[in-house]
Amino acid sequence: MAYIDYYKILGVDKSATQDDIKKAYRKLARKLHPDLNPDDKEAERKFKELNEANEVLSNPENRAKYDKYGENWKHGEEYEKAQQQQRQYQQQSYGGGGFSGADFGEGEDFSDFFQNMFGGSGGGFGRSSRGSASGKFKGQDVHAELNLNLRDAAQTHPQTFEINGKKVRITIPAGVYDGQQIKLKGHGNPGFNGGPNGDLYITFNIPADPDFERTGDDLKTKVAIDLYTAVLGGDVKVNTLDGSVNLKVKPETQSGTTVRLKGKGFPVYKKEGQHGDLFVTYEVKLPVNLTDKQKELFEQLKNS
């Protein structure tokens, strides 16, 4: 189960009051509501995550469990009881040697914890559960971060990096988003006593781009045009992720006018051939260092 930071989703820190959480939720819910974002899968996904985060953090009891146990908050108390009982069992079996909490891979997925420790039995912890345990334990999961610029994230490409002395090669699909996490099964720390390896979780960090602002699968950019082109019309060159295009500027275009280039936005994650749109906003650049003649012409226009 990939860890989801509910505080990050709501845009608040861990010291936020219940009132802060309520205000943050209402603000984002209005922005991401499906009625305002029809056919927007990214907004739909974020809206579901937002509701999930609010359900947990708006409930003081659930929030306390989440703060203590993180992604395992629903089963945190059972998790601790299982650890305690297994330590007691190991002490009985190995003359009091036992294992530390680190041996059990603290922070790993709760279902994996039970699967490895009790042979898939999430029920009682009697003799039959102990008998199914062979002393094999899953290795700890490893969490890593991978930095990508916006243009790299827009292309399917391979990446190679080193984890625990081993080179790991992955193919990153086009369209990954900032904060997205993927899981590579078996690429974590080695298991104990022949148990399976832990998993590797990679979180993508995609910083802001100087040319494009990403909103879901859409991109936004600004293009400067001179006053004469804005008034009389003309052509302007606009950069996209896959090259430049020429746009026709209509006469009497106002500063702040936005036009849409369909299909010139960001690739849709794991949907080959599908792209968002590119929204281009014109910024009219006023002329400077005018000659006396030019100023005189502007005066004539002003008084005409």
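Figured I'd write up the structure that's included with this text.

Conventions adopted
- Residues numbered from 1 in each chain as written.
- Predicted model: local features only at pLDDT ≥ 70, side-chain atom pairs only at ≥ 80, totals over all residues.
- Heavy atoms only, no water.
- Pairing = 2+ DSSP bridges.
- Helix = DSSP H or I, 4+ residues; strand = E, 2+ residues; numbered from the N terminus.
- Core = buried A, V, L, I, M, F, W, Y, C linked by side-chain atoms within 4.5 Å.
- Buried < 20%, exposed > 50% of the residue type's maximum accessible area, 1.4 Å probe, protein only.
- Contact = heavy atoms within 4.5 Å.
- Axes fitted to C-alpha atoms, helices over the stretch in contact; angles between N-to-C directions.

For strand β8 (residues 234–240) and strand β9 (residues 243–249), the ladder comprises seven bridges, and the chain directions are antiparallel. By the bridge assignment, Asp-235 is partnered in β9 with Lys-248. A loop of two residues connects β8 with β9, the two strands running antiparallel in sequence.

Let us look at the nonpolar core. Core analysis: the biggest nonpolar cluster contains 32 residues, and Leu-200, Ile-202, Val-236 and Val-280 have the highest contact counts within it. Those residues in contact with Ile-202, other than ones at most four positions away along the chain, are Ala-144, Leu-146, Phe-161, Ile-170, Gln-180, Gln-181, Ile-182 and Leu-184. Core analysis: the next-biggest nonpolar cluster, separate from the first, contains 18 residues, Ile-21, Ala-24, Tyr-25 and Leu-50 among them.

This part covers the sheet that holds strand β5 (residues 200–205). With mixed pairing, three strands are arranged side by side in an open sheet as β1-β5-β4. The sheet terminates laterally at β1 (142–147) and β4 (181–184), the two strands that pair on one side only. Going across the sheet, the axis of each strand differs from the next one's by a mean of 25°, ignoring polarity. As judged from the four bridges shared by β4 and β5, these two strands associate in the antiparallel manner. Residue Gln-181 lies in a different strand from β5, and its bridge partner there is Thr-203.

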